[in-house]
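Structural characterization, general
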Amino acid sequence: MAGVSSQSLATVRRELETRLPGAPLSLAEELFGVLSILDSNAGLRRALTDPSRTGGDKATLVDQLVAGRVSADAVAVVKELVGERWANARDIGDALETLAATVAISVAESQGSGPQGLEKLESDLFSFIAVVDSNHDLQRALSDRQAGPEAKAALALRLVPEAGDAAQLLIRQAVTAPRGLKPAALVKRFVELVAARQQRWIATVSVTRPLTAEQQSRLAAGLNRLYGRELQVNVNVDPSLIGGVRVSVGDEMVDSTVVTRLSELRRRLAG
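What comes next is a walk through the structure.

What counts and what doesn't
- Each chain has its residues counted from 1, running along the sequence as written.
- Under the rules for a predicted model, residues below a pLDDT of 70 receive no local features and side-chain atom pairs below 80 are neither given nor counted, while totals for whole chains, interfaces and linings still include all residues.
- Water and hydrogen atoms were dropped before computing side-chain values, which therefore reflect all heavy atoms in the structure.
- We treat two strands as partners when DSSP finds at least two bridges between them.
- Strands here are runs of E lasting at least two residues and helices are runs of H or I lasting at least four, both read from the DSSP assignment and numbered beginning at the N terminus.
- Looking down the strands as they point away from you, a crossover is right-handed if its path from the first strand over the helix to the second goes clockwise.
- Contacts are assigned to residue pairs that have any heavy atoms within 4.5 Å of one another.
- All axes are obtained by fitting lines to C-alpha atoms, using only the stretch in contact for helices, and the reported angles, taken between N-to-C directions, cover 0 to 180 degrees.
- Left-handed describes a crossing whose near helix is turned anticlockwise from the far helix through less than a right angle; right-handed describes the clockwise counterpart.
- Throughout this entry, Asp, Glu, Lys and Arg are counted as charged residues, while Ala, Val, Leu, Ile, Met, Phe, Trp, Tyr, Cys and Pro are counted as nonpolar. The remaining residues, Gly among them, count as polar.
- By nonpolar core is meant a set of buried Ala, Val, Leu, Ile, Met, Phe, Trp, Tyr and Cys residues that side-chain atoms within 4.5 Å join together.
- Under the scheme applied here, a residue whose accessible area is under 20% of the maximum for its type counts as buried, over 50% as exposed, and between as partly exposed, the area being computed with a 1.4 Å probe on protein chains only.
- Here is the rule: rings of Phe, Tyr and Trp (six-membered ring for Trp) pair when centre to centre is within 6.5 Å. Planes less than 30 degrees apart are stacked, more than 60 are edge-to-face, and the remainder are tilted.
- Charge-over-ring contacts are defined here by two conditions on Lys NZ or Arg CZ: a distance within 6 Å of the ring centre and an angle within 35 degrees of the ring normal.
- Here, a salt bridge means any side-chain nitrogen of Lys or Arg that lies within 4 Å of a carboxyl oxygen of Asp or Glu.

Considering the pairing of strand S1 (residues 202-207)
- When S1 meets strand S2 (residues 232-237), the two strands line up parallel, connected through six bridges. For Ile202, the partnering residue across the bridge sits in S2 and is Gln232.
- Since S1 and S2 lie parallel, the crossover through helix H12 (residues 213-227) that links them has a hand, and here it is right-handed.
- Both S1 and strand S3 (residues 245-249) contribute to a ladder of five bridges, which runs antiparallel. Residue pairing in the sheet places Ala203 in a bridge with Val249 of S3.

What follows is the structure in structure tokens.
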């Protein structure tokens, strides 16, 4: 996914973040359910991504489609999705799959007190991938078009009996609705989303010279207050920065280095 669709997904993911605190796993299940409806109806996908239709028309169509069948939060997420622009109809389904998986990952994160929950989820998903990748019979069984979805899900979950609820949901989704991929390949995509979310708990700090233990302690305390969570702080010494400090947490960047300020000044002068 690229271009306008990628931008639209980024916008909706930012909006989704406001719903994630306290979100139940059932929200992810509902979004996966809406995805199933979209995947089964190409005409509906085209209608929901048609740039000639107004946002109000699309919202009304969403109400007709799922209102009363899923929670108000699920309806709101889908309406936010159809309110954006998409390069092609397939992209809206890919985006909805990402949003549903993000909800499930966030639930694991909250249940495991942050990084521990994400590590458990990642381990559960990797366990499934390892078992399936090492057994061709399993690969064939999970991709068999003649086998029913519930039979595939039951088989898949027997492979990871210790998996948590969020991992079970993601694995079930991968084997029952792989959307053109092999189940293990889709689970690998979910692992990538977990890894990206783990970065929210890691602060990478670049400075021009080593920090004392006291300075690093003060820095960690300040960053924890700023981000509202206990971050793992990794400090890199980079003399090329000249002065100041650069902090990266997830996809957020705070840069007060001399190099950056000089670069900004040069751009302004050139403009």
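Next comes the rest of the account.
Remarks on the side chain of Arg197
- By the secondary structure assignment, Arg197 is in helix H11 (residues 183-198).
- Look past the residues within four positions of Arg197 in its chain and what remains in contact with it is Glu17, Leu20, Thr102, Ile105, Ser106, Glu109 and Leu118.

Observations concerning the packing of helix H3 (residues 42-49) against helix H4 (residues 55-66)
- It is at 9 Å that the axes of H3 and H4 come closest, and there the two elements cross at 145°. Here the hand of the crossing between H3 and H4 comes out left-handed. Seen from H3, the contacting residues are Leu44, Ala47, Leu48 and Thr49; seen from H4, they are Lys58, Leu61, Val62 and Leu65.
- Broken down by class, the residue content of the contact of H3 with H4 amounts to six nonpolar, one polar and one charged.

Considerations on the environment of Ala89
- Mapped onto the secondary structure, Ala89 falls in helix H6 (residues 89-111).
- A C-alpha to C-alpha distance of 5.5 Å links Ala89 and Arg45, two positions 44 residues apart in sequence.
- Leaving out residues up to four positions away in the same chain, Ala89 has contacts with Arg45, Arg46 and Thr49.

Quick notes on the sheet that holds S3
- Read from one edge to the other, the open sheet built from four strands follows the order S2-S1-S3-S4, with strand pairing classed as mixed. With one partner strand each, in any of the chains shown, S2 and strand S4 (252-255) form the two edges of the open sheet. Taken over all neighbouring pairs, the strand axes of this sheet differ in orientation by 15° on average, direction set aside.
- In terms of strand pairing, S3 meets S4 through four bridges, oriented antiparallel. Looking across to S4, one finds that Ser248 is bridged to Met253.
- Along the sheet, H12 contacts S1, S2, S3 and S4; its crossing angle with S2, the most-contacted strand, is approximately 130°.

Examining the nonpolar core
- Residues Leu31, Leu121, Leu125, Phe128, Leu170 and Phe190 are the most contacted members of the largest nonpolar core, which totals 68 residues.
- Per-element tally for this core: the top contributor is H6, with eleven residues.
- For Phe128, the residues in contact, after removing those within four places along its chain, are Leu142, Ala156, Leu159, Val160, Ile171, Val175, Ala184 and Val187.
- The next biggest cluster of nonpolar side chains, apart from the first, holds ten residues, and it includes Ala203, Val205, Leu231 and Val247.

Points about the packing of aromatic side chains
- Under the definition given, this model contains zero aromatic pairs.
- The residue whose ring lies beneath Arg229 is Trp201, and the NZ or CZ to ring-centre distance is 5.7 Å.

Regarding the pattern of salt bridges
- Under the defined criterion, the tally for this structure stands at 16 salt bridges.
- We note a salt bridge from Asp124 to Lys120, for which the minimum N-O separation is 2.7 Å. Here Asp124 and its partner Lys120 are both found in helix H7 (residues 115-133), four residues apart, which amounts to about one turn of the helix.
- The partner of Arg140 in a salt bridge is Asp137, and the shortest N-O contact between them spans 2.3 Å. Pair noted here: Arg140 and Asp137 are both in helix H8 (residues 136-143), with a separation of three residues, about one helical turn. Each member of the pair, Arg140 as well as Asp137, is classed as exposed.
- Counted as one network, the salt bridges with shared partners bring together Asp39, Arg90, Asp94, Glu97 and Arg179.

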